[in-house]
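A look at the structure
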Amino acid sequence: MEVKKKDIRALTKEQLRDFFVGHGDKAFRGNQVYEWLWNKGAHTFEDMTNISRDTRAMLHENFVINHVKVDQMQRSSDGTIKNAVRLHDSLVVESVLIPTATRTTACVSSQVGCSLDCRFCATARLKRMRNLNPDEIFDQVVAIDNESKLYFDRPLSNIVFMGMGEPLMNYNNVLKAIDKITSPEGLGMSPKRITVSTSGVPKMIKKMADDGVKFKLAVSLHSAIDEVRTSIMPFNATFPLKDLREALEYWYSKTKNRITYEYVIWEGINDTRKDAEALVQFCKFAPSKVNLIEYNPIDDGEFQQANPKAIDMYVSLLEANHITVTVRRSRGKDIDAACGQLANKS
Ligand code: SAH
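Computed from a prediction, not measured in an experiment: that's the story for all the values here.

On to the overall build of the protein. Counting secondary structure elements, the protein contains 10 helices and 14 strands. Here the C-alpha radius of gyration of the protein, 22 Å, is about what a compact globule of 346 residues would show, namely 20 Å. Once the C-alpha set of the protein is aligned to its principal axes, its extents read approximately 70 × 45 × 40 Å. Evaluated residue by residue, the protein yields a buried proportion of 53% over its 346 residues. For the protein, the accessible surface area stands at approximately 16,000 Å², while carbon and sulfur atoms represent 50% of it. One way to put it: in the protein the 48 positive side-chain charges average out to a point 4 Å from where the 44 negative ones average out.

This is the structure we're talking about:
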């Protein structure tokens, strides 16, 4: 009977060192292989040229290297690139490269489908199929880094976990991936350039604060009124705003890191002064920034972007209360690469 080989990239450096010692070799060999896997992006054991032929054959007998494959790459008229990334079990996730004059941002997925049920998001309709492994998250970043070098002559500068999935529902793997992305043996990126975006899972926000993470936090708020938020993000009934706020206060007390809120204003849903006032109140307990994001339609018109006047009303009220606010334009809409559109067509 054929034994299913283990993905070598599921091993920590320590485990890899132990493996070599267990096979009568030096622990140091583990470091070399680890570097091939994570720093040099080796796709096969044959790539590992400073490892002896016998050792490579032995690795081959015991392990596989499960790399993701970019199946399809689409380019938007605004320069945005969307990758359809095929996983070893044939499932597909999407990641996006967003270029600006000075930066390249990777928007990566953390789950196949999503555990949550936001009514305005295309990914939510897929339901959660599985969590991504750390290496599957890492590989999306490497693919975008390579594309950035190829098409824009510069490495990737920022990462946002705003692709498919809820990162805090796959917390351990997201953390492991970020460890690899930030470690000198991986991509050596600063955690300050990484933002994890969550719909708001209070228990996990507190855990992040306790774990002393160094990346930034963004919360998809969309409403600071429970009834409204529950109507568009039904899980809010389980994690109400009071709990979210308490977790965020805890986060701020521990990290002293400003919180960014993502917020779409929809016609007839959250476009009144009362909605804007509730947002201002919600932002007051800690230094906050609000990103007003454009709605990217995913359906037959149930949700409509609010009138520009409503957006102006929010902006003036937030500014009058000294809360930083930006109005963000969508990127990559023509290829369904904008927020909430991932998995629209596949
Ligand atoms: N689950 C995480 C990350 C993925 S969603 C989160 O909720 O934060 C990334 C961002 O896109 C979130 O702010 C989400 O609310 C927003 N979004 C989802 N659908 C959208 C749509 N159709 N138009 C605009 N933004 C959308």
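Spatially, β3-β4-β5-β6-β9-β10-β11-β12-β13-β14 is the arrangement adopted by the 10 strands of the open sheet, whose pairing is mixed. Taken across any chain shown, the strands that pair with only one partner, and hence form the sheet edges, are β3 (69-75) and β14 (324-328). Adjacent strand axes in the sheet meet at a mean angle of 20°, parallel and antiparallel pairs treated alike. Bridge count for strand β9 (residues 158-161) against strand β10 (residues 194-198) is three bridges, and the pairing is parallel. Note that in β10 the partner of Ile 159 across the bridge is Ile 194. Against the sheet, helix α4 (residues 134-152) makes contact with β3, β4 (81-86), β5 (92-99), β6 (104-107) and β9, and its axis sits at roughly 35° relative to β5, the strand it touches most. Of the strands in this sheet, β9 and β10 touch helix α5 (residues 171-182), which is tilted by about 165° from β10.

Our next topic: the site of the ligand. Taken together, 22 residues are adjacent to the ligand, and Phe 120, Ser 197, Ser 199, Ser 220 and His 222 come closest. Phe 120 places a polar main-chain atom, nitrogen or oxygen, 2.9 Å from a nitrogen atom of the ligand. One of the side-chain nitrogen or oxygen atoms of Ser 220 is found 2.6 Å away from an oxygen atom of the ligand. For the ligand, the accessible surface in isolation is 530 Å², of which the surrounding protein chains cover 96%.

Let us look at the domain arrangement of the protein. Splitting the protein by domain gives domain 1 (6-64) and domain 2 (71-335). Just the C-alpha atoms count here: the centres of domain 1 and domain 2 sit 35 Å apart. Of the residues lining the interface, six residues belong to domain 1; the matching set on domain 2 comes to seven residues. Between domain 1 and domain 2 lies a buried interface of about 750 Å² when both sides are counted; carbon and sulfur atoms form 44% of it. Run the count over domain 1 and domain 2 and you get three salt bridges. Linking Arg 9 and Asp 139 is a salt bridge whose minimum nitrogen-to-oxygen distance equals 2.7 Å. Applying the counting criterion to the domain 1 and domain 2 interface returns six residue pairs in polar contact (both at pLDDT 80 or more). Across the side of domain 1 that touches domain 2, the residue classes tally to two nonpolar, one polar and three charged.

What counts and how
Residues numbered from 1 in each chain as written. Predicted model: local features only at pLDDT ≥ 70, side-chain atom pairs only at ≥ 80, totals over all residues. Heavy atoms only, no water. Helix = DSSP H or I, 4+ residues; strand = E, 2+ residues; numbered from the N terminus. Rg over C-alpha atoms; globule rule 2.2 N^0.38 Å. Buried < 20%, exposed > 50% of the residue type's maximum accessible area, 1.4 Å probe, protein only. Areas by Shrake-Rupley, 256 points an atom, 1.4 Å probe, with all protein chains shown as cover. Lys, Arg positive; Asp, Glu negative; His and termini not counted. Charge placed at Lys NZ, Arg CZ, Asp CG, Glu CD. Pairing = 2+ DSSP bridges. Axes fitted to C-alpha atoms, helices over the stretch in contact; angles between N-to-C directions. Contact = heavy atoms within 4.5 Å. Near = heavy atom within 4 Å. Polar contact = N/O pair within 3.5 Å; in protein donor to acceptor, adjacent residues only side chain to side chain. Domains from an automatic or database assignment. Buried area = accessible area lost by both parts, 1.4 Å probe. Salt bridge = Lys/Arg side-chain N within 4 Å of Asp/Glu carboxyl O. Nonpolar A, V, L, I, M, F, W, Y, C, P; charged D, E, K, R; others polar.

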